[in-house]
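Notes for the structure review
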Amino acid sequence: MSQGPDDEVDRIVAAWGRERPDLDVTPLEVLSRVSRLSRHLDLSRRHAFSTHELESWEFDVLSALRRAGEPYELTPTQLVRQTLVTSGTMTNRLARLEGRGFVDRAASAADQRSKLVRLTAEGRDVVDAALADLVTDERRLLQGLSPQRQTELAQLLKGLLAPFD
């Protein structure tokens, strides 16, 4: 069991242990907490993005472009890879972001058949502001852990996620 006072996951694990002693339910101790934390993270992210009138998917696309560095452009294929959506979904998303003035699309200088998606100044401003709020909110979620424990947790989660990447 965990250190410190019992939480809801401890109570769930104990109940399953009592009701299904034939099963080893210890994975719930980790993954149920990850699931609960994910819900809190989703709420925090929605709040940070809604302040800037952004949806999570809009932030994902804009932040991929922003992280690319100047001139803040990627191909649609690169955006699909980075955001894990289908090309049809990305086409729809880009049209909506273009309509909001956050991105523009132009032919690639290297290959006229290929399009590039470029972050506009307005898109850069909104993603930068949303990121600042997001980091503040996420820092608040982690405030119960020392910087060293945060580093340890990051490494543990990295190892857990490695087979999926």
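Up top is the structure.
Throughout, a residue's number is its position along its own chain's written sequence, starting from 1. Local features in this predicted model are restricted to residues whose pLDDT is 70 or higher, and side-chain atom pairs enter the listing and the counts only when it is 80 or higher, whereas totals over whole chains, interfaces and linings include all residues. Computation of side-chain values covers all heavy atoms of the structure but excludes hydrogens and water.

**Section: the environment of Val 117**
Secondary-structure assignment places Val 117 in strand S3 (residues 115-119). If we ignore the near neighbours within four places in the chain, the residues touching Val 117 are Leu 65, Tyr 72, Glu 73, Leu 74, Pro 76, Leu 79, Leu 94, Val 103, Asp 104 and Arg 105. Strands are runs of DSSP state E lasting at least 2 residues, helices are runs of H or I lasting at least 4, and numbering of each runs from the N terminus. The contact criterion used is simple: two residues touch if any of their non-hydrogen atoms lie within 4.5 Å.

**Digging into the sheet that holds S3**
Across a sheet, paired strands are connected by hydrogen bonds in the backbone, their directions being either parallel or antiparallel. Reading across from one edge, S1-S3-S2 is the order of the 3 strands in this open sheet, with antiparallel pairing throughout. In the strand order of this sheet, the two ends are held by strand S1 (73-74) and strand S2 (103-107), each with one partner. Where S1 lies against S3, 2 bridges are found, and the strand directions are antiparallel. Residue pairing for S3: Glu 73 is matched across the bridge by Arg 118. Pairing between strands is defined by DSSP: at least two bridges between the two strands are required.

**Points about the packing of helix H3 (residues 56-67) against helix H5 (residues 87-99)**
Fitting a line to C-alpha atoms yields each axis, with helices limited to the stretch in contact; the angle taken between N-to-C directions then spans 0 to 180 degrees. Where H3 meets H5, the axes come as close as 11 Å, and the angle between the chain directions of the two elements is 90°. Here H3 lies roughly perpendicular to H5, going by the angle between them. Residues Trp 57, Glu 58, Val 61 and Leu 62 of H3 touch H5, and the partners they reach there are Met 90, Arg 93, Leu 94, Arg 96 and Leu 97. Polarity classes work like this: nonpolar for Ala, Val, Leu, Ile, Met, Phe, Trp, Tyr, Cys and Pro, charged for Asp, Glu, Lys and Arg, and polar for all others, with Gly in that last group. When the residues that make up the contact of H3 with H5 are grouped by side-chain class, the tally is 6 nonpolar, no polar and 3 charged. Under this scheme an angle from 65 to 115 degrees is roughly perpendicular, one under 35 degrees roughly parallel, and one over 145 degrees roughly antiparallel; angles in between are oblique.

**Observations regarding the layout of surface pockets**
Roughly 1,600 Å³ of internal volume is contained in the largest pocket. Along the wall of the largest pocket there are 30 residues; nearest its centre are Arg 33, Val 34, Leu 37, Leu 153 and Leu 157. For the lining of the largest pocket, the secondary-structure elements that each account for two or more residues are helix H2 (27-50), helix H6 (121-141) and helix H7 (147-161). Of the residues forming the lining of the largest pocket, the biggest block, 12 residues, is contributed by H2. Class assignment of the residues belonging to the lining of the largest pocket gives a composition of 15 nonpolar, 6 polar and 9 charged. Think of a 1 Å grid over the protein atoms and nothing else: a 1.4 Å probe that fits but is trapped marks a cavity, an open set flanked by protein within 12 Å on at least five of seven lines marks a pocket, and residues with an atom within 4 Å of a point count as lining. Grid points are joined across faces, edges and corners, and a volume is the space filled by probe spheres set on the points.

**As for the packing of H3 against helix H4 (residues 76-83)**
In the contact formed by H3 and H4, the axes pass within 10 Å of each other and the chain directions differ by 115°. In terms of orientation, H3 and H4 fall into the roughly perpendicular class. For the pair H3 and H4, the sense of crossing is right-handed. Every residue of H4 that contacts H3 at Asp 60, Val 61, Ala 64, Leu 65 and Arg 67 is listed here: Leu 79, Gln 82 and Thr 83. Taken together, the residues of the contact of H3 with H4 sort by class into 4 nonpolar, 2 polar and 2 charged. The sense of a crossing depends on the near helix, which, turned anticlockwise from the far helix by less than a right angle, makes the crossing left-handed and, turned clockwise, makes it right-handed.

**Here's the deal with the pairing of S3**
Judged from the 5 bridges that link them, S2 and S3 form a sheet pairing that is antiparallel. Residue pairing in the sheet places Ala 107 in a bridge with Lys 115 of S3.

**Section: the packing of aromatic side chains**
Aromatic ring pairs are reported here in terms of the distance separating the ring centres and the angle at which the planes meet. Think of it this way: a Phe, Tyr or Trp ring, Trp meaning its six-membered ring, pairs with another when their centres are within 6.5 Å, and the plane angle makes it stacked under 30 degrees, edge-to-face over 60, tilted otherwise. Taken as a whole and assessed by the stated rule, the structure comprises 1 aromatic pair. With a centroid separation of 4.4 Å and an interplanar angle of 20°, the aromatic rings of Phe 49 and Phe 59 are classed as stacked. Remark: Phe 59 occurs in helix H3 and Phe 49 occurs in helix H2; sequence separation between them is 10 residues. Each residue gets one of three labels from its accessible area relative to the maximum for its type: buried under 20%, exposed over 50%, partly exposed in between, using a 1.4 Å probe on protein chains only. The buried category is assigned to Phe 49, whose relative accessible area is 2%.

**Overview of the pattern of salt bridges**
Criterion for a salt bridge: a side-chain nitrogen of Lys or Arg within 4 Å of a carboxyl oxygen of Asp or Glu. Applying the stated criterion to the full structure yields 13 salt bridges. For Glu 19, the salt bridge is made with Arg 18, and the minimal N-O distance between the two is 3.2 Å. Across this residue pair, the class does not change: Glu 19 and Arg 18 are exposed. The partner of Asp 128 in a salt bridge is Arg 66, with the nearest N and O atoms 2.8 Å apart. Note that Asp 128 is positioned in helix H6 and Arg 66 in helix H3, a separation of 62 residues in sequence. Residue classification places Arg 66 among the partly exposed residues on the basis of a relative accessible area of 25%. One network of salt bridges, with partners in common, ties together Asp 7, Asp 10 and Arg 33.

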